[in-house]
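Topology and contacts: notes
Each chain, letter by letter, is given below.
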Amino acid sequence: MFANNSATPRIGVFYDGNFLLHASNYYNYIHPQRRRLSVNGLHDFISQRVAEEEGIDPKRCRVCEAHYFRGRLNASDAAQRGSQLYHDRVFDDILMSEGVHTHYLPLRNIYGRKEERGTDVWLALEVLEMALLGKIDVAVLVVADTDYVPLVRKLIAMGVRVMLISWEFEYTNDEGARIVTRTSHELLNLAHYPVLMQEVIDCGLKQNNQLIMNLFVQSVDSRQGDAESDEEYGERATGDEGERNRDLGARYTSQILSLKNGYGFIKYPNNNLFFHSLDVIGGDFSEFAPGDEVEFSIDKNDQGQDVAKQVKRLGRPADAGFEEGF
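Reference entry: report on the structure contained in this document. (Residues numbered from 1 in each chain as written. Predicted model: local features only at pLDDT ≥ 70, side-chain atom pairs only at ≥ 80, totals over all residues. Heavy atoms only, no water.)

**Some thoughts on the overall build of the protein chain**
Let me state the cut-off plainly: Comment: elements are numbered from the N terminus, with helices defined as DSSP H or I runs of at least four residues and strands as E runs of at least two. Between two residues, a contact is recorded if the distance between any of their heavy atoms is within 4.5 Å. For the accessible areas, the method is Shrake-Rupley and the probe is 1.4 Å, while residue cover comes only from the protein chains on display.
Check the secondary structure of the protein chain and you find 11 helices and 15 strands. The long-range fraction of contacts in the protein chain, counting pairs at least 24 apart against all pairs at least 6 apart in sequence, stands at 68%. For the protein chain, the accessible surface area stands at approximately 16,000 Å², while carbon and sulfur atoms represent 47% of it.

Set out below in structure tokens:
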């Protein structure tokens, strides 16, 4: 525990937008919670956690600075992606309502791919400026990369306490590739207050801890929840909105084409549909076999591709003419 520089420590929160989005997508699509992270809920959690670490009354602990950094498509490119411009604005409105300052750089075209460049440097410079001007006592970093180690060391030398909001998880994406997210252990070792969010969240959910429950976007039903969460992170699918909403409410039947470790494909024109083991309902993934009749709904993943959701096994035909594999 640190002696406070002021009766009310000034908290600054700094988000690596890509890292936050990646964590939010994990909880929305992979984790059983099936909801996105809430900016408001994160700020409440951070205030409470800093109060505990600093040994003060939570009522005297509030976020006074919040900054969000991310690469973003320019207006011309976004205009080619359905309602992307509108939902970018919706997300900006949400950040603004929470007092979060936004910092965007245009995505760069690197060998034919749009990639983010320079946002980590901008984030580090903003944190350092806040510290030099004496505007923050506690810097809360929602980052993962080892590149931020020099920043943390500098903050420590200046007497600014550092809280690191970290996540570590892995899963198989829609293309069957293993996705692994790790936070730099050097960052975790340096931070005064490292917070392992995956452990905190899983433990809190089991205990029905309201502070942890509030880390996720709340909704009155699943349809509304999907709409609110997509809008919150400005990540609408890029296809036709009417078609997407229609698919969300419909159920389809077909046969399992192939299965792999933890995922499979369902026969469906024009492109076969990927599904994850976590999307199985009314049974267990281990009971599935190629050729099984299944019922499912169709939704979009975060890349705007059709995927099968809420997959339910209906029965197994007598002659299943499919072999496991692609």
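**Describing helix H8 (residues 197-206)**
We apply this condition: Classification of residues uses two cut-offs on accessible area relative to the type maximum, computed with a 1.4 Å probe and protein chains only: under 20% is buried, over 50% is exposed, and between them is partly exposed. The directions considered for the arc run from the helix axis to the C-beta atoms.
Along H8, the residues classified as buried are Met197, Gln198, Ile201, Gly204 and Leu205. In an axial view of H8, the angular spread of the buried residues amounts to 140 degrees, which keeps them on one side of the axis. Buried residues in H8 make contact with helix H1 (17-30), helix H2 (39-54), strand E7 (161-166), strand E10 (193-196) and helix H9 (210-213). Count one or two residues on from H8 and you reach Asn208, which has phi positive near 55 degrees.

**Details of helix H4 (residues 84-97)**
Note on helix geometry: an α-helix contains 3.6 residues per turn, so any two residues three or four positions apart are oriented the same way. What counts, and what does not: Take the number of residues in a helix, subtract one, and multiply by 1.5 Å to get its expected span.
Its 14 residues place the ends of H4 20 Å apart at the C-alpha level, agreeing with the 20 Å of an ideal helix rising 1.5 Å per residue. All buried positions along H4 are accounted for by Gln84, His87, Asp88, Val90, Phe91, Asp92 and Leu95. Following H4 by one or two positions, Gly99 has its phi on the positive side, about 75 degrees.

**What to know about the sheet that holds strand E1 (residues 10-16)**
The following threshold applies: Two strands are said to pair when DSSP picks up at least two bridges between them. Angular values range over 0 to 180 degrees, each being the angle between N-to-C directions of two axes fitted as lines to C-alpha atoms, with helices fitted over their stretch in contact.
In spatial order, the strands read E3-E2-E1-E6-E7-E10; together these 6 strands make up an open sheet with parallel pairing. Of all the strands in the sheet, the pair left with one neighbour each is strand E3 (101-106) and E10. Within the sheet, the average angular offset between the axes of one strand and its neighbour, ignoring direction, is 15 degrees. For strand E6 (residues 138-142) and E7, the ladder comprises 4 bridges, and the chain directions are parallel.

**A look at the packing of helix H5 (residues 119-132) against helix H6 (residues 149-157)**
Counted only if it meets this: Roughly parallel means an angle under 35 degrees; roughly antiparallel means over 145; roughly perpendicular covers 65 to 115; every other angle is labelled oblique. Only Asp, Glu, Lys and Arg are considered charged in this grouping, and only Ala, Val, Leu, Ile, Met, Phe, Trp, Tyr, Cys and Pro are considered nonpolar; every other residue, Gly among them, is considered polar.
Packing of H5 against H6 leaves a shortest axis separation of 10 Å and a crossing angle of 5 degrees. Of the possible angle classes, the one that applies to H5 and H6 is roughly parallel. Contact residues: Ala124, Val127, Leu128 and Ala131 in H5; Leu151, Lys154 and Leu155 in H6. In terms of residue class, the contact of H5 with H6 is made up of 6 nonpolar, no polar and 1 charged.

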